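Listed here are the chains, written in short residue letters.
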Amino acid sequence: MRDNFNSFDPLIILLILLFIVGYLVAAMKHKKKPWPKFRSIFWVTGFVCILISVIGPIAKLSHHLFVFHMIMHLLLGMLAPFFIALSRPITLLLTSLKTQHARSVSRLLRSAPVQLLTHPISTLLLNIGGLWLLYTSTVFNLMHKSTLLLNFVHIHLFLSGYLFTISIIAIEPISHKFSFLFRSSIMILAIAGHDILSKLLFSNPLDSFGFNDVQFGAVLMYYGGDFVDLLIITVLCYFWYNSSNSKKRAFI
């Protein structure tokens, strides 16, 4: 493994710190009403997941052991997006900006490209479709030889996971307000696609990784992915239940 895989570490740490501090400052200065502290905790937790997945032992071992690659995948592509989605950063941004600036951002969020990108079907294709492309093509081997491709895959894993999560739980202004039944159907398709891919990996070797190692990673992908999916389903059902009684106040 080439040393330049670590050349972006200081920049990544700096960006993560900036995102964390920026959010916390905006939360403390929130004017309309006190910003819930648990959302700030979700935000920090999400970025800690990103940090430990791309920098440190897990990131280094992921190039040599598939099971650690899968730990990185679950942290970066599933857990981090889940926690960050629950922190509602878009809502915080819009309520923190001045009225004219918030309207400009709202117009951007309502634009056709953004609406298409955040549609549940689009996010399903980006998220699960991206995983199938990664693990069933030469992309997986190539990314371990190219710093640029590796960073692109990492960014895609997180963003596709985040967009998928907010399209399902739909708690941000950017989210489409499709029915709970429709979003549940998309969730079922995502779980099926993720689980089928993990079973495919379990029965097929990957270049540069031992067969037993790949199998352990595939098992982790299957059960770890289902665990995070269960968290998303729990949140979805929570809001679905609350929607039946408009007088109830959502906790998240």
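Everything below is about the structure shown above.
This text gives an overview of the structure that appears in the document. Treat the numbers as computed from the prediction; the structure is a model and nothing was measured.

Analysis parameters
Residues numbered from 1 in each chain as written. Predicted model: local features only at pLDDT ≥ 70, side-chain atom pairs only at ≥ 80, totals over all residues. Heavy atoms only, no water. Core = buried A, V, L, I, M, F, W, Y, C linked by side-chain atoms within 4.5 Å. Buried < 20%, exposed > 50% of the residue type's maximum accessible area, 1.4 Å probe, protein only. Helix = DSSP H or I, 4+ residues; strand = E, 2+ residues; numbered from the N terminus. Contact = heavy atoms within 4.5 Å. Axes fitted to C-alpha atoms, helices over the stretch in contact; angles between N-to-C directions. Parallel < 35°, antiparallel > 145°, perpendicular 65-115°, else oblique. Nonpolar A, V, L, I, M, F, W, Y, C, P; charged D, E, K, R; others polar. Phe/Tyr/Trp six-rings, centres within 6.5 Å; stacked < 30°, edge-to-face > 60°. Lys NZ or Arg CZ within 6 Å of the ring centre and 35° of its normal.

Quick word on the nonpolar core
- Ile50, Phe66, Tyr135, Phe140, Tyr162 and Leu201 are the most contacted members of the largest nonpolar core, which has 68 residues in total.
- In terms of residues, this core owes the most to one element, helix α4 (residues 66–86), which gives 14 residues.
- Here Tyr135 is in contact with Phe66, His69, Met70, His73, Phe140, Leu197, Leu201 and Leu206, once residues within four sequence places are set aside.

Observations regarding the environment of Met72
- Summarising the element assignment, Met72 is placed in helix α4.
- A sequence separation of 72 residues divides Met72 from His144, and the C-alpha atoms of the two residues are 14 Å apart.
- Each residue touching Met72, except ones within four places of it in the same chain, is listed here: Ser53, Ile58, Gly77, His154 and Leu157.

Some thoughts on the packing of helix α1 (residues 9–28) against helix α2 (residues 37–54)
- Across the interface, α1 lies against α2 with an axial gap of 10 Å and an inter-helix angle of 180°. Taken together, the axes of α1 and α2 lie roughly antiparallel to each other. Between α1 and α2, the contacting residues are Asp9, Ile12, Ile13, Ile16, Phe19, Ile20, Tyr23, Leu24 and Ala27 on the first element and Arg39, Ser40, Trp43, Val44, Phe47, Ile50, Leu51 and Val54 on the second.
- Taken together, the residues of the contact of α1 with α2 sort by class into 14 nonpolar, one polar and two charged.

Digging into the packing of aromatic side chains
- Applying the stated rule across the entire model yields 16 aromatic pairs.
- When the centroid spacing of 5.6 Å and the interplanar angle of 45° are considered together, the rings of Tyr135 and Phe140 count as tilted. The exposure classification of Tyr135 matches that of Phe140, with both residues buried.
- Note on Phe140 and Phe209: the rings are 5.7 Å apart at their centroids and 45° apart in plane angle, and the pair reads as tilted. A residue pair is termed long-range when its members are at least 10 positions apart, and Phe140 in helix α9 (residues 139–143) and Phe209 in the loop between α11 (180–203) and α12 (211–243) qualify at 69 residues.
- Residue class for Phe209 comes out buried when judged on its relative accessible area of 9%.
- Aromatic rings pair up to connect Phe19, Tyr23, Trp43 and Phe47 into one cluster.
- If you follow Arg39 out to its NZ or CZ, it ends over the ring of Trp35, 4.7 Å from the centre.
- Sitting over the face of the ring of Phe180, Arg183 holds its NZ or CZ atom 4.4 Å from the ring centroid.

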